[in-house]
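Structural overview for review
For reference, the chains in residue letters:
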Amino acid sequence: MAVPTALAGPNDRALPPPLTNTDFHDFDPDLAEIGRLLFYDPVLSGNRNISCGTCHHHDLATGDGLALGVGEGGEGIGLKRTTGRGEARIEKRVPRNASPLFNLGLKEIRVLFHDGRLSVDNIFGNGFNSPAEEYLPSGLKGILAAQALFPLTSETEMAGNPEENKVAGAVYDRIDHVWPLLMERVLAIPAYVDLFRKADPSIEGAGNLTITHVANALGDFINGEWRATDSPFDRYLAGDSTALSPQARSGMELFYGKAGCSSCHAGQMMSDQGFHALTLPHFGPGRTRVFDPYVRDVGRMAESNRLEDAYRFRTPMLRNVALTGPWGHNGAYATLEGIVRHHLDPAAGFENWQPDMVQLPADERLGPVDFIAFEDSRERARLKARIDIAPVGLADSEVAELIAFLHALTGNDKGRLGRPETVPSGLPVD
């Protein structure tokens, strides 16, 4: 039986073509192998105690399993991660949920991060609109390489406190002052220099290596490592009419029809790369702007400076979505059903949400302040006034069908190279 290109019904929407390797940017396997080591090497963090892989781990579907991450200073991974001990304990949680890394090598991607603060744009003459503005290094292979640079500069993610190390302090001088300090560490490890020289014969020695090489290696690793293209839905799109269960097939028809999900989760990426306000409850430190008088997170507005963008966040891609919880830009929902029902009626979801629904590592210092903004009546009113999607009424059986379809977006490819056992710095691998 031929696979239909459209679904019947009053809200007909064409099904996307299947994803193939031609939809992704090319990557250099040798460079990707270097990126794999750097991805898990704590040498790139201010206090040498956390890596990219700590919060984007192979065993945790490229995330950390937490609503809000515990960055530099924490201990352990996943739900066992703690906020640390003694003077090394974290000062605050990472403001937003760790985004999954599946399919970030797609050619169509033009915007990254929950608020879109990195996008393909030549406004600064270097091909990107980013927090580094004109100071972003030249020679980056693409947006995936560019995004790899910014967690290294974040105090809560990888840089640490300015009182603890020079890397964190350099952020306050100028963002690009961080990267040469990290390169000094990489260049001091002969194995990395040798690996880069083997991957690129034009590199004569350590003097030719810059942070651009590190960023490109990290970008090529993420691009080549996590390509989710083999789910039942993808097999269905490729012509296997039996790939979806009857329940998942009904859920697909709801997704592309009555439920209206594909209005935002559109195309091959299952994302319109746009920004939408869903009234997700606020908690944690937020990405508070310097002039905000209280803790909050206004999302896209902080980057665009447009009032209409208040509380809007980027539409996530959905491949492997059943594996990548907690869900929402701040991980507000620990269950897939919870975030689905919130989408179907954001106002009701906001009113019914309770703090015990969120997964946050316990901390006696942070616990009392985690939900201050959630309890602020004025902030709640502002959030409730910003809803971009209309409620949709579905029966419980239809919700179950929709969730079955989302599970049918789960593939078998959990990583091409996998997590390394050791890294050239000799530091512990999470």
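From a predicted model like this one, the values you see are computed outputs, not experimental measurements.

Cut-off values and rules
- Residues numbered from 1 in each chain as written.
- Predicted model: local features only at pLDDT ≥ 70, side-chain atom pairs only at ≥ 80, totals over all residues.
- Heavy atoms only, no water.
- Helix = DSSP H or I, 4+ residues; strand = E, 2+ residues; numbered from the N terminus.
- Rg over C-alpha atoms; globule rule 2.2 N^0.38 Å.
- Buried < 20%, exposed > 50% of the residue type's maximum accessible area, 1.4 Å probe, protein only.
- Contact = heavy atoms within 4.5 Å.
- Pairing = 2+ DSSP bridges.
- Salt bridge = Lys/Arg side-chain N within 4 Å of Asp/Glu carboxyl O.
- Disulfide = S-S within 2.5 Å.
- Patch = residues over 30% accessible without salt bridge, like charges linked within 9 Å, V, L, I, M, F, W, Y side chains within 5 Å.
- Areas by Shrake-Rupley, 256 points an atom, 1.4 Å probe, with all protein chains shown as cover.
- Lys, Arg positive; Asp, Glu negative; His and termini not counted.
- Charge placed at Lys NZ, Arg CZ, Asp CG, Glu CD.
- pLDDT = per-residue confidence, 0-100.
- Axes fitted to C-alpha atoms, helices over the stretch in contact; angles between N-to-C directions.
- Parallel < 35°, antiparallel > 145°, perpendicular 65-115°, else oblique.
- Left-handed = near helix turned anticlockwise from the far one by under 90°.
- Nonpolar A, V, L, I, M, F, W, Y, C, P; charged D, E, K, R; others polar.
- Core = buried A, V, L, I, M, F, W, Y, C linked by side-chain atoms within 4.5 Å.
- Polar contact = N/O pair within 3.5 Å; in protein donor to acceptor, adjacent residues only side chain to side chain.

Observations concerning the overall build of the protein
When its secondary structure is counted, the protein shows 15 helices and 5 strands. Here the C-alpha atoms of the protein give a radius of gyration of 22 Å, agreeing with the 22 Å that 2.2 N^0.38 yields for 430 residues. Judged by the C-alpha coordinates and their principal axes, the protein covers about 65 × 55 × 40 Å. The buried share of the protein, taken over its 430 residues, is 56%. Restricting to contacts in the protein with at least 6 residues of sequence separation, those with at least 24 account for 68%.

Let's talk about the sheet that holds strand E3 (residues 128–129)
In space, the 3 strands of this open sheet follow the order E1-E2-E3, with antiparallel pairing throughout. Single-partner strands in this sheet number two, and they are strand E1 (111–112) and E3. Across 2 bridges, the pairing between E1 and strand E2 (residues 118–120) is antiparallel. Looking across to E2, one finds that Val 111 is bridged to Ser 119.

Here we look at the pattern of salt bridges
For side chains of opposite charge, pairing can occur when their charged atoms come near one another. With the rule as written, the count across this model stands at 28 salt bridges. One salt bridge in this structure joins Arg 378 and Asp 376, with 3.9 Å as the shortest N-O distance. Classification of Arg 378 by relative accessible area gives exposed; the value is 56%. One continuous salt-bridge network, built from bridges that share partners, spans Arg 96, Asp 115, Arg 117, Arg 287 and Asp 297.

Overview of the state of the cysteines
A full pass over the atoms with the stated rule returns 0 disulfides. In this structure Cys 52 is a free cysteine whose sulfur lies 9.2 Å from that of Cys 55, the closest cysteine sulfur available. Among the residues examined, Cys 52 registers a relative accessible area of 12% and is labelled buried. Take Cys 261: it sits in no disulfide, and the sulfur closest to it among the cysteines is that of Cys 264, at 9.1 Å. The buried category is assigned to Cys 261, whose relative accessible area is 19%.

Overview of a negative patch on the surface
A cluster of like negative charges, contributed by Glu 87, Glu 91, Glu 155, Glu 163 and Glu 164, occupies part of the molecular surface. Note on placement: Glu 163 falls in the loop between helix H4 (155–159) and helix H5 (166–171). For Glu 163, a relative accessible area of 77% gives the class exposed.

Details of the confidence of the model for the protein
For the protein, the mean per-residue pLDDT works out to 94, and 97% of the residues sit at or above 70. Below pLDDT 50 for its whole length, residues 8–12 participates in 4 contacts with residues either more than four positions away or in separate chains.

Quick look at helix H12 (residues 336–344)
Along H12, the residues classified as buried are Leu 336, Gly 338, Ile 339, Val 340, His 342 and Leu 344. Residues of H12 that are buried in the fold lie against helix H13 (346–352) and helix H15 (396–407).

What to know about the packing of helix H1 (residues 29–39) against helix H7 (residues 190–199)
At a minimum axis distance of 9 Å, the contact between H1 and H7 shows a crossing angle of 160°. Classified by the angle their axes make, H1 and H7 are roughly antiparallel. H7 is crossed by H1, and the crossing has left-handed handedness. Residues Asp 30, Leu 31, Ile 34, Leu 37 and Leu 38 of H1 form the contact with H7, whose own contacting residues are Tyr 192, Leu 195, Phe 196 and Ala 199. Of the residues in the contact of H1 with H7, the class split is 8 nonpolar, no polar and 1 charged.

Overview of the nonpolar core
The tendency in soluble globular proteins is for nonpolar side chains to be buried as a group. Of all hydrophobic cores here, the largest spans 64 residues; its most connected members are Leu 38, Phe 39, Leu 44, Leu 136, Trp 179 and Phe 196. For this core, the secondary-structure elements that each account for two or more residues are H1, helix H2 (52–55), helix H3 (143–147), H5, helix H6 (178–187), H7 and helix H8 (211–225). When residues of this core are assigned to their parent elements, the largest contribution, 7 residues, is made by H8. Excluding residues within four positions of it along the chain, Phe 196 makes contact with Leu 31, Ile 34, Leu 38, Ile 203, Leu 209, His 213, Val 214 and Ala 217. In this structure, Cys 261, Val 321, Ala 332 and Leu 406 belong to the second largest nonpolar core, which totals 42 residues.

A closer look at the environment of Pro 428
The residue Pro 428 is located in the segment after H15 in this model. Under the relative-accessibility criterion, Pro 428 is labelled exposed at 61%. With 30 residues separating them in the primary sequence, Pro 428 and Glu 398 have C-alpha atoms 47 Å apart.

Description of H1
Most of H1 is tucked away, with 8 of its 11 residues classed as buried. Residues of H1 that are buried include every one of Leu 31, Ala 32, Ile 34, Gly 35, Arg 36, Leu 37, Leu 38 and Phe 39, and no others. Structurally, H1 contributes buried residues whose contacts are with H2, H6, H7 and H8. N-cap assignment for H1: the residue whose side-chain oxygen lies 2.9 Å from the backbone N of Asp 30 is Asp 28.

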